[in-house]
Amino acid sequence: MKNYIKKFYYGDIPEDKSGSSDPGNKATHNDWPLWEIFIRSKQGLDHKHAGSLHAADAQMAIENARDVYTRRQEGVSIWVVESKYIHATNPDETGSLYEPANDKVYRYPTFYDLPDEVKHM
Amino acid sequence: METFEKIFQDKIDNEIKIEPKDWMPEAYRKNNIRQISQHAHSEIVGMLPEGNWISRAPTLKRKAILIAKVQDEAGHGLYLYSAAETLGITREKTINDLHSGKAKYSSIFNYPTLTWADMGAIGWLVDGAAILNQVMLTRTSYGPYARAMVRICKEESFHQRQGFDILYTLSKGTAEQKAMCQDAINRWWWPSLMMFGPRDSESTNSDQSIKWKIKRKTNDELRQNFVDMCAMQVKVLGMNLPDEKLKWNETTKQHDWGEINWDEFWNVVKGNGPCNKQRLDARRKAWEEGTWVREAAAAFAEKRKAKAA
C-alpha cells in the first residue's frame, strides 16, 4: 500500500503538523456495551435502523435513543438490540449468496406476456 | 491484494458506498477514522463556547433555542463517534485521544465568546462554514459517515438560521447593539475562513482524499463558496466583513478577497490559541466528574440484571 494522505483538509489536520503528544495506551475503563437503535417513524411503518450508541443496559439505551434520535418527533417506537447479537452476512460472499436469485426471471410479473384482451392483472 | 484494491476503487468510481465490513485499504480506514473523530470532537468541544452563554441569554426564548442547539451538537458528536467506531476504533480510545491532546478538533472553538453577539456570529459564520463542508460530506464514500452527515445536515440549518436571526435582531437595535454585532463579525470572520483548512497549494501530492471520494471539493473551493455566500448575506445585516480587499470580480464571477493569517492558523492548531487549554481542561473535567455517573449506571444495570434473573 503506497497511498498516504498528504492533503490537509478541514477537520483533517495531520498529526505531524499538529504538535500532538502521544498519549500512550491508557485504556483501562470498560466501555458500556454498544446498542443498535431501530426507530418506527410512524404507526404502520417498519422499524428502521437509525444508528447506535453505548449504554449500560436496555432501559438506558432506550432513554438515550429517545434523546439522540427522536428530538424532532422522528419516532413513535424504539427498539434497541445489543450490537453483539446482530448477525450479518459477509460482503465477500455477496456473489455466491445471492446468485440463485439471479436467473429466475419468471419470478417477476413482467416475464409473462398476456393477451391484450386482459386489461388488468 | 491488487484485486481487492481494484474492486474497492471500482466501487468508489461507480458511486457505490463502502460499508464497514467491506475490504478497504488501511490508509482509507485510517484517514476516515481521523477525519470522522476530529469531526466528532469538534461537535463536542463546540458545545463549550456556546454553553458559556446559556445562563446569560437575553431572553427565555433565546435560552431555549441555545439549549436545543447545544443538545443537537452533543447528538451530532454521538452520530460521528458511532460512525468512527464502525471502522474498528473504540469509543474510549477516541475520547482518550481528545483528552490527551493527540486528536484535533476544529480550531475555531479555541476562540473566546466575549459577547452575546458571538452566539449570532457562531451560528451564521461558523455553522455556515460547517454546513458547506457537511453538505459535501453527505456524498462521502464511506456509508456510515455519509448517513451521519445526512442526519446532521437536517438539523444544522436551524443552527445557522438562529445565528443569523440573532445578528439580524441586533442589527436593527440600538447603536450599541449594532456595534456589538459588527464587532462579533469582525472577530469571527477570519477564524471562520480558517475552518476550511490550509490552501490547496500546500499539497504537492496526488489527491488521495478526492480520489477516494472522502472529500469531494477542495478547501479552497469550499472557502470561496463561503466568501461568496457571506458577502451577499452581510448586506442584509447592513454590516461589513472585515476585509478591505473583498470585491466582486466580474470576470471570475466570484469575490476577490484578502489573505488569511496562516501563522495564526497553525499556531491555534498547535495548541496556542486563546482557549485551547481552557477547552481541553473543561472536557477532561467533565469526563472526570462524570466518573461516578458511569460507575453508578453500570452498578445499577448489574443490579437490575440480578433482579431479573
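This is a predicted model, so every value here is computed, not measured. (Residues numbered from 1 in each chain as written. Chains lettered and ligands numbered in written order. Predicted model: local features only at pLDDT ≥ 70, side-chain atom pairs only at ≥ 80, totals over all residues. Heavy atoms only, no water.)

When helices and strands are tallied, chain B shows 13 helices and two strands. The C-alpha radius of gyration of chain B comes to 21 Å, within 12% of the 19 Å expected for a compact globule of 309 residues. C-alpha atoms of chain B, sized along the principal axes, occupy 65 × 55 × 35 Å. Per-residue burial for chain B yields a buried fraction of 56% across its 309 residues. The long-range share in chain B, meaning contacts at least 24 apart out of those at least 6 apart in sequence, stands at 77%. (Helix = DSSP H or I, 4+ residues; strand = E, 2+ residues; numbered from the N terminus. Rg over C-alpha atoms; globule rule 2.2 N^0.38 Å. Buried < 20%, exposed > 50% of the residue type's maximum accessible area, 1.4 Å probe, protein only. Contact = heavy atoms within 4.5 Å.)

Attention now moves to the sheet that holds strand β2 (residues 47-54) of chain A. Residues and elements named next belong to chain A. Read across the open sheet, the three strands follow the order β2-β1-β3; overall the sheet is antiparallel. Looking at the sheet topology across the chains shown, the edges are occupied by β2 and β3 (77-82). Each strand axis lies, on average, 25° off the axis of its neighbour in the sheet, ignoring direction. Alignment of strand β1 (residues 34-40) against β2, held across seven bridges, turns out to be antiparallel. When the sheet's bridge partners are listed, I39 is paired in β2 with K48. (Pairing = 2+ DSSP bridges. Axes fitted to C-alpha atoms, helices over the stretch in contact; angles between N-to-C directions.)

What follows is about the nonpolar core. The biggest cluster of nonpolar side chains holds 96 residues, and the ones touching the most others in it are L53 and Y69 of chain A together with Y28, W124, W188, W189 and F226 of chain B. Counting residues per element, this core draws most heavily on helix α6 (residues 117-137) of chain B, which supplies twelve residues. Among residues more than four places away in sequence, those in contact with F226 of chain B are L125, G128, A129, L132, W189, S192, L193 and F196 of chain B. (Core = buried A, V, L, I, M, F, W, Y, C linked by side-chain atoms within 4.5 Å.)

Looking now at the confidence of the model for chain A. Residue and element names in this part refer to chain A. Mean pLDDT over chain A: 79, with 75% of residues reaching 70 or higher. The secondary structure element of chain A with the lowest average pLDDT is helix α2 (residues 94-98), at 80, and the one with the highest is β3, at 97. In this model, residues 1-12 is a region of pLDDT below 50 whose contacts with residues beyond four sequence positions or in other chains number 50 contacts. The low-confidence segment residues 19-29, where pLDDT is below 50, has 17 contacts with residues more than four positions distant or belonging to other chains. (pLDDT = per-residue confidence, 0-100.)

The next subject is the side chain of H39 of chain B. When you line up the elements, H39 of chain B lands in helix α2 (residues 26-45). Ignoring sequence-local partners within four residues, the contact set of H39 of chain B consists of L80, N133, Q134, L137, Y145 and M149 of chain B.

In this structure, the largest pocket spans a volume of roughly 1,200 Å³. Considering the residues around the largest pocket, the lining is formed by 38 residues, among which E36, H49, A50 and G51 of chain A together with R147 of chain B are closest to the centre. Counting residues per element, the lining of the largest pocket draws most heavily on helix α7 (residues 143-171) of chain B, which supplies seven residues. Among the residues forming the lining of the largest pocket, the class breakdown is 16 nonpolar, ten polar and twelve charged. Roughly 1,000 Å³ of volume is contained in the second largest pocket. Elements represented by at least two residues in the lining of the second largest pocket include exactly β2 and α1 (58-69) of chain A together with α4 (60-85), α5 (91-99), α12 (276-289) and α13 (291-308) of chain B. For the lining of the second largest pocket, the element with the most residues is α4 of chain B, which contributes six residues. When grouped by side-chain class, the residues that make up the lining of the second largest pocket number 14 nonpolar, eight polar and seven charged. (1 Å grid on protein atoms, 1.4 Å probe; cavity = no way out; pocket = protein on both sides within 12 Å on 5 of 7 lines; lining within 4 Å. Points joined across faces, edges and corners; volume = space filled by probe spheres on them. Nonpolar A, V, L, I, M, F, W, Y, C, P; charged D, E, K, R; others polar.)

Together, V105, Y106, Y108, F111, Y112, L114, V118 and M121 of chain A line one region of the surface with nonpolar side chains, adding up to about 880 Å² of accessible area. Within the element layout of this structure, L114 of chain A appears in the segment after α2. (Patch = residues over 30% accessible without salt bridge, like charges linked within 9 Å, V, L, I, M, F, W, Y side chains within 5 Å. Areas by Shrake-Rupley, 256 points an atom, 1.4 Å probe, with all protein chains shown as cover. Salt bridge = Lys/Arg side-chain N within 4 Å of Asp/Glu carboxyl O.)

Residue and element names in this part refer to chain B. With respect to the helices and strands, P49 occurs in helix α3 (residues 47-54). Assessed through its relative accessible area of 1%, P49 is described here as buried. For the pair P49 and P112, spaced 63 residues apart in sequence, the C-alpha to C-alpha distance is 6.7 Å. Residues within four places of P49 in sequence aside, it is in contact with F109, T113, M119, I122 and R279.

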